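Listed below, chain by chain, are the residues.
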Amino acid sequence: MAEGLLVVRPGALTTVQDRGRPGYAHLGVPRSGALDTAAYALANRLVGNAPGAAALETTLDGVGLRALAPTVVAVTGAPCPVRISGRPVAWGAPVRLPAGAELEVGRAESGVRCYVAVRGGLAGPPVLGSRSTDLLSGLGPPVLAAGMPLPVGPPGPVPARSAAAGVCGLPGPPSELLLPLRLGPRADWFTEASLTGLWRSAFRVSASSNRIGLRTEAGSALVRARAGELPSEGMVLGAVQVPPDGLPVVFLADHPVTGGYPVVGVVPPGPALDAAAQARPGVPVRFVRAR
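The shown structure was predicted, so the numbers you read here are calculated from the model rather than taken from an experiment. (Residues numbered from 1 in each chain as written. Predicted model: local features only at pLDDT ≥ 70, side-chain atom pairs only at ≥ 80, totals over all residues. Heavy atoms only, no water.)

Participant: Would you mind showing me how to read the overall build of the protein chain here?
Facilitator: The helix and strand tally for the protein chain stands at 3 helices and 20 strands. Here the C-alpha radius of gyration of the protein chain, 20 Å, is about what a compact globule of 291 residues would show, namely 19 Å. Counting the 291 residues in the protein chain, one finds 49% classified as buried. At a minimum sequence separation of 6, the contacts of the protein chain that also span at least 24 residues come to 78%. Across the protein chain, the 26 positively charged side chains and the 18 negatively charged ones have centroids separated by 5 Å. (Helix = DSSP H or I, 4+ residues; strand = E, 2+ residues; numbered from the N terminus. Rg over C-alpha atoms; globule rule 2.2 N^0.38 Å. Buried < 20%, exposed > 50% of the residue type's maximum accessible area, 1.4 Å probe, protein only. Contact = heavy atoms within 4.5 Å. Lys, Arg positive; Asp, Glu negative; His and termini not counted. Charge placed at Lys NZ, Arg CZ, Asp CG, Glu CD.)

Take a look at the structure:
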């Protein structure tokens with residue numbers, strides 16, 4: 001029997017993700033990779049995979065998969081109903097998926113993105129050392145579509161865990177997104193009043209947010225202290241770019257490697273950016289000074 005999974009229902013946006021391909025910005029290649037790094041890592045640990053194994057990242061309404069051979073899967077990230085051939089099974093724990101059975105990862109009850117790890121990890125040829133789908137550059141495997149086969153690698157020596165150790169230690173999807181911000185390198189492009197107001201302003205997550213960036217709305221727009229535009233310069237994960245409308249955009253994993261709008265500050269990688277991956281449209285956003 002063939003090894004792997006078959007996509008029955010691709011969901012709104014489901015991609016293959018691993019730890020990404022950092023280190024290629026000089027070639028114009030974004031880093032990509034799982035947005036909620038903690039949830040992705042936990043899913044792999046639960047099924048006994050190596051830390052960098054490729055998994056699925058879903059968006060809002062989950063995914064449906066059919067097993068072509070017996071395997072073990074785990075779903076983490078946004079809490080959601082999980083069923084195997086119509087029978088409810090545990091979220092946040094390893095579960096056995098018999099050959100021919102269908103795994104249904106349902107709509108997120110809160111948060112945005114679920115992570116589906118399969119024992120052995122998703123296989124397929126890596127591109128620049130990664131199997132991640134990059135929505136900006138088009139590198140990596142395509143976005144999931146119905147009928148697409150998903151090859152799976154051989155299981156490693158580490159057994160799947162019998163309990164969801166670590167799930168309780170992960171924060172849930174945020175009801176308010178607090179983003180620690182280190183000012184610079186272009187904070188001097190904005191008025192002192194704007195920078196003071198940045199710490200007080202209540203923004204909201206915009207529905208136009210995606211894997212490239214978390215866009216904000218409804219807060220106090222930042223006002224520039226100077227005219228003109230910057231030449232394009234390098235961008236990093238967590239850079240907070242301010243377009244002409246004055247509403248900050250937080251760059252996420254598929255961000256462009258260069259940009260011409262000024263960067264008022266940077267959100268350091270870590271739990272705050274993981275939380276940004278799970279912040280739904282309308283969730284309040286506040287920037288706080290990074291320690």
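Participant: How do you make sense of the pairing of strand S1 (residues 5-9) when you look at a structure like this?
Facilitator: On any regular strand, side chains alternate: one points to one face of the sheet, the next to the other face. Pairing geometry for S1 and strand S11 (residues 149-150), over 2 bridges, is antiparallel. By the bridge assignment, Leu5 is partnered in S11 with Leu150. Bridge count between S1 and strand S4 (residues 63-67): 4 bridges; the pairing is antiparallel. Looking at S4, one finds that Leu5 is bridged to Ala67. (Pairing = 2+ DSSP bridges.)

Participant: What's the story with helix H1 (residues 37-46) in this structure? I'm lost.
Facilitator: Because each turn of an α-helix spans 3.6 residues, side chains separated by three or four positions in sequence point in the same direction. Every buried residue of H1 is listed here: Ala39, Tyr40, Leu42, Ala43, Asn44 and Leu46. Immediately downstream of H1, the backbone of Gly48 shows phi near 80°, a positive value.

Participant: Sorry, what's going on with the packing of aromatic side chains here?
Facilitator: Each pair of aromatic rings is reported with the distance of its centres and the angle of its planes. For the coordinates displayed, the defined rule picks out 1 aromatic pair. Where Phe203 meets Phe287, the ring centres are 5.9 Å apart and the plane angle is 80°; that geometry is what we call edge-to-face. With a gap of 84 residues between them, Phe203 in strand S13 (residues 203-205) and Phe287 in strand S20 (residues 284-289) connect regions that are remote in the sequence. Given the relative accessible area of 1%, Phe203 is considered buried. (Phe/Tyr/Trp six-rings, centres within 6.5 Å; stacked < 30°, edge-to-face > 60°.)

Participant: Would you explain the sheet that holds strand S14 (residues 213-217) in this entry?
Facilitator: To summarise the sheet geometry, strands pair through backbone hydrogen bonds and adopt either a parallel or an antiparallel arrangement. Strand order in this closed barrel of 7 strands is S12-S19-S16-S17-S14-S13-S20, and the pairing throughout is mixed. Within this sheet the neighbouring strands show an average axis-to-axis angle of 40°, counted without direction. Relative to strand S19 (residues 263-266), strand S12 (residues 177-183) is paired through 2 bridges, and the arrangement is antiparallel. Looking across to S19, one finds that Arg182 is bridged to Val266. (Axes fitted to C-alpha atoms, helices over the stretch in contact; angles between N-to-C directions.)

Participant: Can you walk me through the sheet that holds strand S9 (residues 102-105) in this structure?
Facilitator: Pairing in this open sheet of 6 strands is antiparallel, and the strands run S7-S6-S9-S4-S1-S11 from one edge to the other. Two strands in the sheet have a free side with no partner beyond their single neighbour: strand S7 (87-89) and S11.

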